[in-house]
Amino acid sequence: MFINCKTWFSYRYGTYSTQDLVDAAADLGLASLGLTNINSTADTWDFVDFCREKKIKPIVGTEIRNEDRFCYILLAKNDAGLLEINRFLSQHLQAEMPFPERPDCFSEVLVIHPVGSFSAQDLKEHEFIGVLASELNRVKKQEVEAALKKWIIRHPVTFQDKTFFNVHRLLRAIAKNTLISKLVEKDFASSDETFVSEAALMSSFRNFPVMISNTLQLIDACEITTELLTDKNKKHYSVSAEDDRVLLAKLAMEGFHYRYGTDPVAKARLIKELKIINDLNFNAYFLIVWDVIRYAQNRGFYYVGRGSGANSIVAYCLKITDVDPIRLDLYFERFLNPHRTSPPDFDIDFSWKDRDEVIDYIFKRYGKDHVSLLGMYSTFQRKAIIRELGKVFGLPKEEIDQLVRGKDQPMNEDKIQRTILKYGKLLENFPNHLSIHPGGMLISERPIYQYTVNELPPKGFCTAQIDMFLAEKIGLFKLDILSQRGLGHIKDAIRLVKQNRGIDIDIHRVEQFMSDPKVAEQIRKADTIGCFYIESPAMRQLLTKLKCNDYLTLVAASSIIRPGVAQSGMMKQYIERFHDPEKIVYLHPKMKELLEETFGVMVYQEDVIKVAHHFAGLDMGEADILRRAMSGKYRSHNRFNEIRENFFKNCKELGHDDAVAAEVWRQMESFGGYSFSKAHSASFAVESYQSLYLKTYFPMEFMVAVINNFGGFYATEFYFHELKRTGAKVNPPCVNRSEYLTNISGEEIFVGMIHVQQLEKKLCDLILEERKTNGNYLSLEDFIERTHAGPEQLNILISVGAFGFTGLGKKKLLWKANFAQKQLAAIPDSPALFKEPPMDFALPDFPDYPLEDALDEINVLGFALTDMFRLCAHDGKGMALAHQLPELLGKSVEMLGQLVTTKDVRTVNREHMAFGTFLDAKGDWLDTVHFPNSLKRFPFQGKGFYKIRGKVVEDFGTFAIDVHGMWKVGLKDKKEVEPVQELSAVSV
């Protein structure tokens, strides 16, 4: 009887989770249930799965609304009907057009109209009138008798009870961005939209028994038969499964000869992998990934293949990844094993500039009816929902802020505040809106609409209403097409080296980079600013502590830097054992056998699988589910708990001590959620080596590439700092020499126009286009005449030094600019027959102050190109420098530093402490430690200069200051620096 139910995927409307809705129906003993979320089929397959578990017949469809107005219900008669519904929703949502009053495009869909919309006698075979119990007094017996088969029961279910009716009303107020007191009756559902007993519902319609029988017949007419957890992906890359098998084997063998020659060990593994891939029907999946890579190669796009796919020698031979799984002893079973029912995992990283074109290729190559970006759901979390509820109840911002902070501090709550906190707790984790998965793509054999609605977010690519968990339940494999700035650094650096030095770089010669002594020295010194994944203060400290100068150590470092390993204490343990392996005491002989390479510490996700399988006797399928559950990629808590029980049961049967088993489990669990697979770390390390090679041999071009890709751990100004350290001459923006992005010629750099804040893009484009068409600007007046730049924009350009080529000081340029502007305004727009030389007139001498340029750069660029320490009010005398710290170990020192970045952490007692990174007066990097007591007394006060007092400490070769006192230091007195006059204040 209940064919019009909603869950919380009727965003900001329904209050049931999908599981709770089905459980409530099961508690009532219902034999069937219909899910009709508003303009959505987002949780259809979870609903189908949960209903089947409870022996309830699932009926699926959607409730169509144009904004708040209810139009009709669509119910799928079968799987084909669901496809029609999903396609119908997709077409209208993507085009952002209203739904029709009466759809006529269905053959396998039942349409249920509200009372009063159409005459029952005019309805087609698949159309019905849905009657609410509260509407029975509006329905005449004559109308029913005139079209007996067209009347059915419609009893909407939207919320659980009175409390959740209030939740529903709050959601409606949030959706409408209004006070709850301003909601009117049409804005929210009727308070009776809850489950009632089926007997009570039928009793309400006892005077219209035909409606009861019609509803039961309608329910009988609907059936969804799609089997879940079966492969729904594109079945063949070529024309058949056998052709795919032959093609994949051919390509893999060709790649094998390129990668390994005739190595018999590698060949045996290749043959084994090909058999497993074929047995599990993944040939087409590999070939599709190979096809995407081939397209990228043909377009000259640089990429990195990572994810667990890098564990595969087939992927290595197909050039999907550059990580050699034989050399690293990578675990193929982490990627694919005969026990694994879930799809394999390929992550392909492209430059952020190239990724959209690759995505576009996949849509066009495999068809927009079969391809979709993977969706995900943004959910309400505590702070956000309290802010939303605060606005709904009309609280002032200050009070809302106090409520948000209230979790960590006591406060006197009034009735409204208590209400907000009560309902805020109920609303936590409600889906809020559809979002886009960072890189997942789906490619289906049948039309994608068989499984999901596709929406069209601002990005412009169709995005599924399902998330990764639901896609996996359906049987759709996720292919991750990701982007990262690090690849942009590498690609642009290679182009700049070719352009500036005429040198072609084969960036894939990674084996040579790994054996290059200069690159090794670069890592050992942790001189890695700008290099992918290894430039953060924590990573540079770790490289120093591990004395890292080789690939395998870098692979380990890429994994143990992860929060889970660090927070569990395993990172510290790893470093200690790295330096003194003789003192390692293994928990068990089997643990030594499994973890000797990583000094007895579980570093990689593969370690979880190995320990679970070889130490605890779990089969490979269970071990992999355990690994996935710990990394947050598996949603069945029941299955996870079963495996946990099996782990301890098996350990007992194998004779392992209970305490040892408990400690092994603790170690596995403590880092599993944040750890990398070894293949991930290996892929990251390859890219790090490529960045390191470029930084070592072509530092200027590399740093320009980093700056132009606007990505990295640090703010742009510190990459310019690193660029100056290479010996490059860095010039401010120039209207004759700068491009939109920063450019390099020899060792001379001109800052790109993009860095000039408040410079209009339209004017910037005009400056560059006019220069390209008619040559360099000859003078300030020539520039004004050719670009007609306004006074404010001219002031910005003059202030930053963009007219330095004229040889005139900025104050003289401001005078001349104002005069030229007035002169230009008095001249007609028609072009002059003869170009007149600019008028020359005597100007008084204006005093120049040495720090004016730096202040102008800060005002216009946001940072100074000149030495920042010249601006500092402290002269730096008597201050220690970063390079002196080793000889000052254990001593108290004072230092002067420019703040680069901070990292806040909590101690085991939940107190705040921090780590700081500074530059000293010589441009060297300095690390500081701020324990809770120190941080409370001497907090950070934003960017700028600080005088630091503390003790020099050392940890495995890394030196830092344990800060006991810290004071903000201002800039030099204003009297020493005269600001540039505003153009509007200049008169002639």
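Only a predicted model underlies this, so the values are computations on that prediction, with no experimental measurement involved.

Q: It is not clear to me how the overall build of the protein should be interpreted in this structure. Could you clarify?
A: Tallying secondary structure elements over the protein gives 38 helices and 21 strands in all. Against the compact-globule benchmark of 30 Å for 988 residues, the protein has a radius of gyration of 34 Å, which places it among compact chains. Taken over the C-alpha atoms alone, the protein extends approximately 100 × 85 × 65 Å along its principal axes. A buried classification covers 55% of the 988 residues belonging to the protein. Contacts in the protein between residues far apart in sequence, at least 24 positions, make up 70% of those at least 6 positions apart. Split by element, the accessible area of the protein, about 43,900 Å² in all, is 51% carbon and sulfur. Between the centroid of the 124 positive side chains of the protein and the centroid of its 132 negative side chains there is a distance of 2 Å.

Q: How should I be thinking about the environment of M630 in this particular structure?
A: Following the sequence through the fold, M630 ends up in helix α27 (residues 620-630). A relative accessible area of 9% means that M630 is categorised as buried. When the C-alpha atoms of M630 and S688 are compared, they prove to be 27 Å apart, with 58 residues separating the residues in sequence.

Q: In this structure, what is going on with the nonpolar core? I would like to understand it.
A: General note: in soluble globular proteins, nonpolar side chains tend to be found buried as a group. Membership of the largest hydrophobic core comes to 98 residues, with the highest contact counts inside it found for L543, Y551, L694, L723, F783 and F803. Those residues in contact with F803 that sit more than four places away from it in its chain are V735, L780, F783, L794, L797, I798 and L813. Listed in part, the 64 residues of the second largest apolar core include V111, F195, F208 and L470.

Q: Quick question: what am I supposed to make of the packing of helix α18 (residues 485-501) against helix α31 (residues 699-709) here?
A: Geometry of a packed helix pair, given as the angle between the helix axes and the separation of the axes. Between α18 and α31, the shortest axis-to-axis distance is 8 Å and the interhelical angle comes to 135°. If you check the angle between α18 and α31, you find them oblique. The two elements α18 and α31 meet at a crossing, and its hand is right-handed. From α18, R485, G488, H489, D492, A493, L496, V497, N500 and R501 reach across to α31, where they touch E701, F702, V704, A705, V706 and N709. Of the residues in the contact of α18 with α31, the class split is 7 nonpolar, 4 polar and 4 charged.

Q: When you look at the packing of aromatic side chains in this model, what are you seeing that I'm missing?
A: Between two aromatic rings, the relevant description is the distance of the centres plus the angle of the planes. By the definition in use, this model includes 43 aromatic pairs. Ring centres of F918 and F940 lie 6.4 Å apart, and the angle between their planes is 25°; this geometry places the pair in the stacked category. Of this pair, F918 sits in strand β18 (residues 912-919) while F940 sits in the loop between α38 (932-937) and β20 (945-955), placing them 22 residues apart in sequence. On the basis of an interplanar angle of 65° and a centroid distance of 5.4 Å, the ring pair of F938 and W967 is categorised as edge-to-face. Of this pair, F938 sits in the loop between α38 and β20 while W967 sits in strand β21 (residues 958-969); the two residues are 29 residues apart in sequence, bridging distant segments of the chain. For W967, a relative accessible area of 34% corresponds to the partly exposed category.

Q: Looking at this model, I keep getting lost on the sheet that holds strand β16 (residues 748-750). Mind explaining?
A: Note: strands within a sheet are paired through backbone hydrogen bonds, in either parallel or antiparallel orientation. If you walk across this open sheet you meet the 3 strands as β14-β16-β15, and the pairing is mixed. Only two strands of the sheet have a single partner each, and these edge strands are β14 (729-731) and β15 (743-745). Geometrically, the sheet is characterised by an average inter-axis angle of 25° between neighbouring strands, direction not taken into account. As judged from the 3 bridges shared by β15 and β16, these two strands associate in the antiparallel manner. From the neighbouring strand, N743 faces β16, where its bridge partner is F750.

Q: What should I look at first to understand the environment of I129 in this one?
A: Its location among the elements puts I129 in strand β5 (residues 127-131). In sequence terms I129 and F99 are 30 residues apart; their C-alpha atoms lie 18 Å from each other. Non-local contacts of I129, meaning those with residues more than four positions away in its chain, are made with I112, H113, P114, V115, S117, F118, A120, L123, K150, W151 and I152.

Q: Sorry, what's going on with the sheet that holds β21 here?
A: Strand order in the closed barrel formed by 5 strands is β17-β18-β19-β21-β20, with mixed pairing between adjacent strands. Neighbour to neighbour, the strand axes of the sheet diverge by 50° on average, direction disregarded. The pairing of β20 with β21 spans 11 bridges and is classified as antiparallel. Paired with I948 across the bridge in β21 is M966.

Q: Even after reading the chapter, I still don't get unusual backbone geometry, so can you show me in this structure?
A: Excluding glycine, a negative phi dihedral is what most residues carry, and trans is how most peptide bonds are arranged. With a phi close to 55°, R12 is a non-glycine residue in the positive phi region. For R12, the position within the fold is in the segment before α1 (18-27). The phi dihedral of H788 falls on the positive side, at around 55°, and the residue is not glycine. Its place among the elements puts H788 in the loop between α34 (780-787) and α35 (791-800).

Q: Looking at this structure, I do not really get helix α9 (residues 264-279). What am I missing?
A: Quick reminder: α-helices carry 3.6 residues per turn. Residues three or four places apart thus point the same way. Taking 1.5 Å per residue as the helical rise, α9 with its 16 residues ought to reach 22 Å, and the 23 Å between its terminal C-alpha atoms agrees with that figure. Burial in α9 covers these residues: A266, R269, L270, E273, L274, I276 and I277. Down the axis of α9, the buried set is contained in an arc of 165°. They therefore lie on one face. Turned more than 90 degrees off the buried face of α9, the exposed positions are P264 and K275. Buried-residue contacts for α9 involve α8 (241-260), α10 (283-298), α11 (313-317) and α12 (332-335). Two or three places before V265, at the opening of α9, D263 has a side-chain oxygen 2.9 Å from that residue's backbone nitrogen. Backbone geometry just after α9 places N281 at a positive phi near 65°.

Q: In this structure, what is going on with the side chain of D49? I would like to understand it.
A: Mapping D49 onto the fold places it in helix α2 (residues 44-53). Judged by its relative accessible area of 18%, D49 falls in the buried class. Looking at D49, its side chain comes within polar contact range of the side chain of K473, at 2.8 Å. Aside from chain neighbours lying at most four places away, what touches D49 is L228 and K473.

Q: Which parts of the structure should I look at to understand empty space enclosed by the protein?
A: In this approach, a probe sized like a water molecule rolls over the atoms, and the result shows the empty space that is left. Under the definition given, this model contains 3 cavities of 30 Å³ or more. In this structure, the largest cavity occupies an estimated 100 Å³ of space. Elements supplying a minimum of two residues to the lining of the largest cavity: α25 (589-595) and α26 (605-615). Counting residues per element, the lining of the largest cavity draws most heavily on α26, at 3 residues. A per-class count over the lining of the largest cavity returns 5 nonpolar, 1 polar and 6 charged. One number sums up the size of the second largest cavity: a volume of about 90 Å³. Residue lining of the second largest cavity: N233, K234, Y285, I288, M441, L442, I443, F477, K478 and L479, and that is the complete set. Only α10 and β10 (431-443) provide two or more residues apiece to the lining of the second largest cavity. The element best represented in the lining of the second largest cavity is β10, accounting for 3 residues. For the lining of the second largest cavity, the residue count by class is 7 nonpolar, 1 polar and 2 charged.

Q: I tried to follow α26 on my own but got confused; where do I start?
A: Burial within α26 is extensive, with 8 of its 11 residues counted as buried. Within α26, burial applies to Q605, E606, D607, V608, I609, V611, A612 and F615. Note on α26: the residue one or two positions beyond its end, G617, has a positive phi of about 75°.

Q: Even after reading the chapter, I still don't get the pattern of salt bridges, so can you show me in this structure?
A: Pairing between side chains of opposite charge can happen when their charged atoms approach one another. Within the structure shown, the criterion is met by 60 salt bridges. Residue K6 pairs with E63 through a salt bridge whose shortest N-O separation is 2.9 Å. Of this pair, K6 sits in the segment before α1 while E63 is found in strand β2 (residues 57-66), placing the two residues 57 residues apart along the sequence. Both residues of the pair, K6 and E63, belong to the buried class. For K186, the salt bridge identified is with D187, shortest N-O distance 3.7 Å. When its relative accessible area of 67% is taken as the criterion, K186 is described as exposed. Among the charged side chains, a network of salt bridges with common partners joins D68, R172, K176, K186 and D187.

Reading the values: the criteria
- Residues numbered from 1 in each chain as written.
- Predicted model: local features only at pLDDT ≥ 70, side-chain atom pairs only at ≥ 80, totals over all residues.
- Heavy atoms only, no water.
- Helix = DSSP H or I, 4+ residues; strand = E, 2+ residues; numbered from the N terminus.
- Rg over C-alpha atoms; globule rule 2.2 N^0.38 Å.
- Buried < 20%, exposed > 50% of the residue type's maximum accessible area, 1.4 Å probe, protein only.
- Contact = heavy atoms within 4.5 Å.
- Areas by Shrake-Rupley, 256 points an atom, 1.4 Å probe, with all protein chains shown as cover.
- Lys, Arg positive; Asp, Glu negative; His and termini not counted.
- Charge placed at Lys NZ, Arg CZ, Asp CG, Glu CD.
- Core = buried A, V, L, I, M, F, W, Y, C linked by side-chain atoms within 4.5 Å.
- Axes fitted to C-alpha atoms, helices over the stretch in contact; angles between N-to-C directions.
- Parallel < 35°, antiparallel > 145°, perpendicular 65-115°, else oblique.
- Left-handed = near helix turned anticlockwise from the far one by under 90°.
- Nonpolar A, V, L, I, M, F, W, Y, C, P; charged D, E, K, R; others polar.
- Phe/Tyr/Trp six-rings, centres within 6.5 Å; stacked < 30°, edge-to-face > 60°.
- Pairing = 2+ DSSP bridges.
- Expected span 1.5 Å × (residues − 1).
- Arc of directions from axis to C-beta.
- Polar contact = N/O pair within 3.5 Å; in protein donor to acceptor, adjacent residues only side chain to side chain.
- 1 Å grid on protein atoms, 1.4 Å probe; cavity = no way out; pocket = protein on both sides within 12 Å on 5 of 7 lines; lining within 4 Å.
- Points joined across faces, edges and corners; volume = space filled by probe spheres on them.
- Salt bridge = Lys/Arg side-chain N within 4 Å of Asp/Glu carboxyl O.

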